[in-house]
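Remarks on the overall topology
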Amino acid sequence: MRPWWIYKIGKMLLIVAAAIVVLGFVVMYLWNALIPELFSGPTLTFWQAAGLLVLSHILLRGWGHGHYGSHRNRWRHRFEEKLAAMTPEEREKFKQEWKDRCGWYPGMEKEAKQTSA
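Residues numbered from 1 in each chain as written. Predicted model: local features only at pLDDT ≥ 70, side-chain atom pairs only at ≥ 80, totals over all residues. Heavy atoms only, no water.

Re the overall build of the chain
Looking only at helices and strands, the chain features five helices and zero strands. In the chain, buried positions account for 12% of the 117 residues. Pairs at least 24 residues apart make up 21% of the contacts formed inside the chain by residues separated by at least 6 positions. (Helix = DSSP H or I, 4+ residues; strand = E, 2+ residues; numbered from the N terminus. Buried < 20%, exposed > 50% of the residue type's maximum accessible area, 1.4 Å probe, protein only. Contact = heavy atoms within 4.5 Å.)

Following this line, the structure appears as structure tokens:
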């Protein structure tokens, strides 16, 4: 009996391969339907469309370190740790400085919901 994770990896590889094929054909079809007509540009083969898809993914989303928003979550976690380590006076001073500079401060939405409830 094989471990369950081998099946899971195989299934994921099949899904990724299918997604690349489908999205490659979609990009190729859309490019070939629009670009030559609108801009007198070249037509694309499937492999060129797949390469364009990968290139746009790299340029627009980066190399994919973790899930979307993980950098933001990491920043938020560190920020909340710093706020928790501050004394109440330091925290109020920090909030006031943010409000003066930006017109808002982190956590302002939470406080507004708490006061309205």
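Some words on the packing of aromatic side chains
Taken as a whole and assessed by the stated rule, the structure comprises three aromatic pairs. Ring pairing ties together the aromatic residues F25, F46 and W47, which thus form one cluster. (Phe/Tyr/Trp six-rings, centres within 6.5 Å; stacked < 30°, edge-to-face > 60°.)

Describing a nonpolar patch on the surface
On the surface, a nonpolar cluster with roughly 760 Å² of combined accessible area is contributed by V22, V26, Y29, L30, L34, L38 and F39. Mapped onto the elements of the fold, Y29 is located in helix α1 (residues 4-39). (Patch = residues over 30% accessible without salt bridge, like charges linked within 9 Å, V, L, I, M, F, W, Y side chains within 5 Å. Areas by Shrake-Rupley, 256 points an atom, 1.4 Å probe, with all protein chains shown as cover. Salt bridge = Lys/Arg side-chain N within 4 Å of Asp/Glu carboxyl O.)

Functional significance is not addressed by these values, which are geometric in nature.
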